[in-house]
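Each chain, written out:
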Amino acid sequence: MLEVKNLQKSYEKDKPALTDISFDIKPGTFVAIIGPSGAGKTTILRSLNQLIKDDDGQILLDGKDIRTANKEQLRKFRRQIGMVFQNYNLVERLTVIENVLHGRLGYKSTLAGVFGRYTQEEKEEAMSLLKKVGLEKFALKRCSELSGGQKQRVGIARSLIQHPKVILCDEPIASLDPASAQNVMELLKRLTDEYNLICIANLHQINMAKKYADQIIGIRKGHLVFDEDADLLSEDI
Ligand code: ADP
Ligand code: ADP
């Protein structure tokens, strides 16, 4: 369970980016955060893994507050939080399977590409994740040879290799054509159910949110304006 309580953040004095944001998310829920550009969606995601320091509030993952964690505890939390990015953040010159394995080290690690460092078990796990996202045949191709939708599916496989409880997807479909976008949303929904994940995606497209998400959180000018079961959301937003 992820519980966010009264989250506040200002980048500049007297200009709050987030005001009093509270929501709860149960495991097995695909959540879309929607709202116009500048509303605060990215700020929420960055607070959730403490890439930025928010100013006040609580972020509880299974009852433990991420905000007050020490360095070692924070490292543990982050291992439970996978990330998926708009522009994939893959190492293009490396193969697909190397990129997936890279999720074990953290995507910024300098050990990328040292294939021999990984155990047989880790490689098998990476292959089975590639199968889940429909890319097992591409394992040994370089990422630079893939389409945008395929790259995002590699990014999703990478985010899962540490068996996270939560995956944070920052505009996961904003760079994709409509067909690939649907495909990625369908995949995120399926994986959320299968692994009982908390999957949170920032989206611009309300129609995509309604079609695939279980829960929709609306943000406007740093305020939460709705938090609804996707099925219950009225037609007029
Ligand atoms: P969204 O993801 O919904 O587009 P953001 O969370 O990126 O919104 O931004 C929320 C508000 O915070 C905006 O007013 C934006 O200008 C401001 N903001 C975001 N990042 C920074 C930053 N690093 N420094 C100062 N202001 C920022
Ligand atoms: P740090 O900068 O704290 O040493 P990293 O650079 O490894 O940590 O990771 C920064 C952020 O990226 C963390 O929040 C972490 O959860 C996330 N992250 C780590 N590994 C991956 C990965 N394989 N794919 C995507 N995001 C990751």
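Predicted model only: the values in this text are computed from it and were never measured.

Here's the deal with the nonpolar core
Argument step 1. Within the largest apolar cluster, 46 residues are counted, with the highest numbers of intra-cluster contacts made by L130, V154, I156, I173, L188, L203 and I216.
Argument step 2. At the level of secondary structure, the elements contributing two or more residues to this core comprise β3 (29-34), α3 (96-102), α4 (120-132), α5 (148-160), β7 (166-170), α6 (178-195), β8 (198-203) and α7 (206-212).
Argument step 3. When sequence neighbours within four positions are dropped, the list of residues in contact with L188 reads F30, I156, I167, C169, P172 and C199.

Some remarks on the packing of aromatic side chains
Argument step 1. Under the criterion given, the structure shown has zero aromatic pairs.
Argument step 2. Here the basic side chain of K9 rests over the ring of Y11, its NZ or CZ set 5.0 Å away from the ring centre.

Observations concerning the pattern of salt bridges
Argument step 1. Following the criterion strictly, the structure yields 10 salt bridges and no others.
Argument step 2. The partner of E3 in a salt bridge is K5, and the shortest N-O contact between them spans 3.5 Å.
Argument step 3. On the basis of relative accessibility, which here comes to 18%, the residue E3 falls in the buried class.
Argument step 4. What makes K5 partly exposed here is its relative accessible area of 30%.
Argument step 5. Connected through salt bridges with shared partners, the residues K189, D193 and D214 form a single ionic network.

Thoughts on the state of the cysteines
Argument step 1. A full pass over the atoms with the stated rule returns zero disulfides.
Argument step 2. A disulfide-free cysteine, C169 has its sulfur positioned 4.0 Å from the sulfur of C199, the nearest such atom.
Argument step 3. Residue C199 is classed as buried on the basis of its relative accessible area, which comes to 0%.

Here we look at the packing of α5 against α6
Argument step 1. Following both chains from N to C, one finds α5 and α6 inclined at 20°, their axes separated by 10 Å at the closest point. As judged from the angle between their axes, α5 and α6 are roughly parallel. In this structure, α5 meets α6 at a crossing whose hand is right-handed. Residue-level contacts link G149, Q152, R153, I156 and L160 of α5 to S180, N183, V184, L187, L188, L191 and Y195 of α6.

Calculation rules
Residues numbered from 1 in each chain as written. Chains lettered and ligands numbered in written order. Predicted model: local features only at pLDDT ≥ 70, side-chain atom pairs only at ≥ 80, totals over all residues. Heavy atoms only, no water. Core = buried A, V, L, I, M, F, W, Y, C linked by side-chain atoms within 4.5 Å. Buried < 20%, exposed > 50% of the residue type's maximum accessible area, 1.4 Å probe, protein only. Helix = DSSP H or I, 4+ residues; strand = E, 2+ residues; numbered from the N terminus. Contact = heavy atoms within 4.5 Å. Phe/Tyr/Trp six-rings, centres within 6.5 Å; stacked < 30°, edge-to-face > 60°. Lys NZ or Arg CZ within 6 Å of the ring centre and 35° of its normal. Salt bridge = Lys/Arg side-chain N within 4 Å of Asp/Glu carboxyl O. Disulfide = S-S within 2.5 Å. Axes fitted to C-alpha atoms, helices over the stretch in contact; angles between N-to-C directions. Parallel < 35°, antiparallel > 145°, perpendicular 65-115°, else oblique. Left-handed = near helix turned anticlockwise from the far one by under 90°.

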